[in-house]
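Coordinate inspection notes
Residues per chain, in single letters:
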Amino acid sequence: MLVEDDALIALDLVDALEAAGYEVLGPFTKTSEALRLLQQRPPSLAILDPLLREGFCVDLAGELRRRGVPFLVHSSLQQDEPLANGFRGVPWLMKPVLPSALIHVVRELARSVAAYARDPRETDLIPAPWESIPTSASSNPFIRKLEGFASLSDADRAMLERISAHPRTVAPATTLIEEGDEPRGVYLVMSGIACRYKQRADGTRQITALLLPGDTCDLDVALLDELDHAITTLSTCSVVRIPFADMRDLVGRHPTIAKALHISTLADEATLREWLVNLGCRSAIERIAHLFCEVLVRLHAVGLATEDTCELPLTQSHIADTTGVTAVHVNRSLKELRRRGLIELHGRTLKILDGSGLKALGEFKANYLHLKNRAVA
């Protein structure tokens with residue numbers, strides 16, 4: 001069941017949910033309409049904006065809880081606002097949210113319901129379905145990433161929420177910092193794809209790292225007088241610039257976050273080593289196969305991909321600059337990957353049709369990412 005009175009947002013949500021295989025009841029724009037549906041045809045799950053034009057739908061939330069229907073909130077309100085008191089203890093997504101992130105939370109919620117229903121004898125021992133999903137890990141890629149490296153406390157998560165709470169939208173091909181510039185803070189990517197790169201005098205570029213949601217750019221850059229590479233956006237991105245003073249305070253007051261950030265830096269260094277192997281030892285098609293496997297695994301780890309599909313807003317030129325081959329080689333390699341039945345590329349969406357085959361071709365092993373059980377099998 002979808003309760004949302006913004007027509008454009010509702011249409012986007014319906015499209016995303018139906019594309020993922022869900023039947024959508026609604027969208028409903030009034031509490032009374034949704035309550036009538038509950039009487040006639042109780043849904044398995046519900047997505048609601050608590051603040052409709054007619055006011056807060058607290059009665060609907062209460063009825064959903066009474067009937068045991070798990071729900072998640074999709075709202076422009078902050079979760080800690082006093083007005084949100086009637087909606088505590090449920091997964092909370094701040095508008096706007098990527099469709100892939102929403103689908104991930106819906107699937108996690110559905111899985112928790114299934115687990116809850118499997119053993120009714122333990123009802124007193126199992127939390128209510130909507131309480132079994134961490135509310136922060138679902139929607140914040142920065143938190144999701146660091147939770148894979150260390151066990152964060154509620155205070156840690158709250159701090160990470162605060163420090164990443166106000167991203168700004170940046171257009172594609174926007175340079176965040178030029179090579180030779182004095183560092184001005186630590187950049188954090190919350191959505192989209194950015195990159196580190198080096199550029200030659202003739203204009204050719206080598207991308208040395210892809211910066212995906214949850215990634216920080218050069219944590220220790222405050223120790224340098226100038227940056228030895230440039231950072232730019234490859235797609236529309238949401239970016240937070242964290243002042244060095246705030247970063248020092250974060251690390252000093254939260255040792256577990258400091259540990260997670262350090263492991264993240266070690267994983268970045270391991271990734272760079274793997275990329276050196278890619279450039280030095282693998283053919284064009286093998287490099288691209290390896291890159292696609294890596295991007296899918298990294299996005300899956302922060303809840304922005306399924307086991308075989310992710311958004312990939314990269315052009316063939318971006319892929320060429322990343323893999324060190326020409327755009328012509330990229331085009332030929334993509335055609336060959338399609339011909340072998342390994343991938344599908346439709347617009348900005350990558351679907352891996354044969355994961356084992358693609359990994360074998362690129363000799364991809366996810367161990368260098370240090371994701372433990374979060375890597376796609």
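Because the structure is predicted, anything quoted here is derived from the model rather than measured.

1. Overview of the sheet that holds strand S11 (residues 205-211)
Pairing within the open sheet is antiparallel, and its four strands lie in the order S8-S13-S10-S11. Both edges of this open sheet fall to strand S8 (175-177) and S11, since each of them pairs with a single strand only. Within the sheet, the average angular offset between the axes of one strand and its neighbour, ignoring direction, is 35°. Bridge analysis of strand S10 (residues 194-199) against S11 gives six bridges, and the strand direction is antiparallel. Counterpart to Cys195 in the pairing with S11 is Leu210.

2. Describing the nonpolar core
Ranked by size, the top nonpolar core spans 47 residues in total, and within it Leu210, Phe292, Leu334, Leu337, Ile343, Leu350 and Leu358 carry the most contacts. For Ile343, the contacting residues outside a window of four places in its chain are Phe292, Leu334, Leu337, Arg338, Leu350, Lys351, Ile352, Leu353 and Leu358. If you look at the next biggest cluster of nonpolar residues, it comprises 35 residues, including Val186, Tyr187, Val189 and Leu261.

3. Some points on the pairing of strand S17 (residues 349-352)
Of the two faces of S17, the one holding Leu350 and Ile352 is buried and the one holding Thr349 and Lys351 is not buried anywhere. In the sheet, strand S15 (residues 309-311) pairs with S17 via three bridges, with the strands oriented antiparallel. Bridged to Thr309 within S17 is Lys351. Pairing of strand S16 (residues 343-346) with S17, which is carried by four bridges, proceeds in the antiparallel orientation. By the bridge assignment for S17, Leu345 is matched with Leu350. What sits between the antiparallel neighbours S16 and S17 is a turn of two residues, in which Gly347 has the positive phi angle 60°.

4. Some points on the environment of Ala320
With respect to the element layout, Ala320 can be found in helix H10 (residues 316-323). Note on Ala320: relative accessible area 6%, which makes it buried. C-alpha separation for the pair Ala320 and Ile207, spaced 113 residues apart in sequence, amounts to 9.0 Å. Dropping the residues within four chain positions of it, Ala320 is found in contact with Val325, Thr326, Ala327 and Val330.

5. Details of the packing of aromatic side chains
One pass over the structure, following the stated rule, counts one aromatic pair. Pairing Phe364 with Tyr368 gives two aromatic rings, centres 6.0 Å apart and planes at 85°, and the pair type is edge-to-face. The pair formed by Phe364 and Tyr368 is uniform in burial state, with each residue classed as buried. Lying over the aromatic face of Tyr197, Arg205 brings its terminal NZ or CZ to 5.3 Å of the ring centre.

6. Things to note about the sheet that holds strand S5 (residues 71-75)
The strand order S1-S2-S5-S6 describes an open sheet built from four strands, whose pairing is parallel. Lying at the two open borders of the sheet, with one neighbouring strand each, are strand S1 (2-3) and strand S6 (92-94). Pairing of strand S2 (residues 46-48) with S5, which is carried by three bridges, proceeds in the parallel orientation. By the bridge assignment for S5, Leu48 is matched with Val73.

7. Side note on helix H9 (residues 284-301)
In a regular helix each residue adds 1.5 Å, so 18 residues correspond to 26 Å; H9 covers 26 Å between its end C-alpha atoms and thus fits that length. Summarising burial for H9: 16 of the 18 residues are buried, a large majority. Of the residues flanking the end of H9, it is Gly303, one or two places downstream, whose phi is positive at about 80°.

8. Section: the packing of H9 against H10
Closest axis-to-axis distance for the H9/H10 pair is 10 Å, and the angle between their directions is 105°. It follows from the interaxial angle that H9 and H10 lie roughly perpendicular. The segment H9 lies against H10, with Arg287, Ile288, Leu291 and Phe292 engaging Ile319, Thr322 and Thr323. For the contact of H9 with H10, the residue count by class is four nonpolar, two polar and one charged.

9. So, unusual backbone geometry
Residue Gly26 is joined to Pro27 through a cis peptide bond whose omega torsion reads 10°. Locating Pro27 in the fold gives a position in the loop between helix H1 (7-19) and helix H2 (31-40). Its identity as a non-glycine residue notwithstanding, Ala173 has a phi of 65°, on the positive side. Its location among the elements puts Ala173 in the loop between strand S7 (168-170) and S8.

10. Quick notes on the pattern of salt bridges
A complete count under the given rule lists 16 salt bridges for this structure. The salt bridge partner of Arg67 is Glu63, with a shortest N-O separation of 2.8 Å. The class of Glu63 is buried, set by a relative accessible area of 15%. Between Arg253 and Asp249 there is a salt bridge; the shortest N-O distance is 2.5 Å. Of this pair, Arg253 and Asp249 both sit in helix H7 (residues 244-253), four residues apart, which is roughly one turn of that helix. Classification of Arg253 as exposed rests on a relative accessible area of 61%. The class for Asp249 is partly exposed, based on a relative accessible area of 32%. Ionic contacts of the salt-bridge type, sharing partners, join the residues Lys145, Asp215, Glu294 and Arg298 into one network.

Rules behind the numbers
- Residues numbered from 1 in each chain as written.
- Predicted model: local features only at pLDDT ≥ 70, side-chain atom pairs only at ≥ 80, totals over all residues.
- Heavy atoms only, no water.
- Pairing = 2+ DSSP bridges.
- Helix = DSSP H or I, 4+ residues; strand = E, 2+ residues; numbered from the N terminus.
- Axes fitted to C-alpha atoms, helices over the stretch in contact; angles between N-to-C directions.
- Core = buried A, V, L, I, M, F, W, Y, C linked by side-chain atoms within 4.5 Å.
- Buried < 20%, exposed > 50% of the residue type's maximum accessible area, 1.4 Å probe, protein only.
- Contact = heavy atoms within 4.5 Å.
- Phe/Tyr/Trp six-rings, centres within 6.5 Å; stacked < 30°, edge-to-face > 60°.
- Lys NZ or Arg CZ within 6 Å of the ring centre and 35° of its normal.
- Expected span 1.5 Å × (residues − 1).
- Parallel < 35°, antiparallel > 145°, perpendicular 65-115°, else oblique.
- Nonpolar A, V, L, I, M, F, W, Y, C, P; charged D, E, K, R; others polar.
- Salt bridge = Lys/Arg side-chain N within 4 Å of Asp/Glu carboxyl O.

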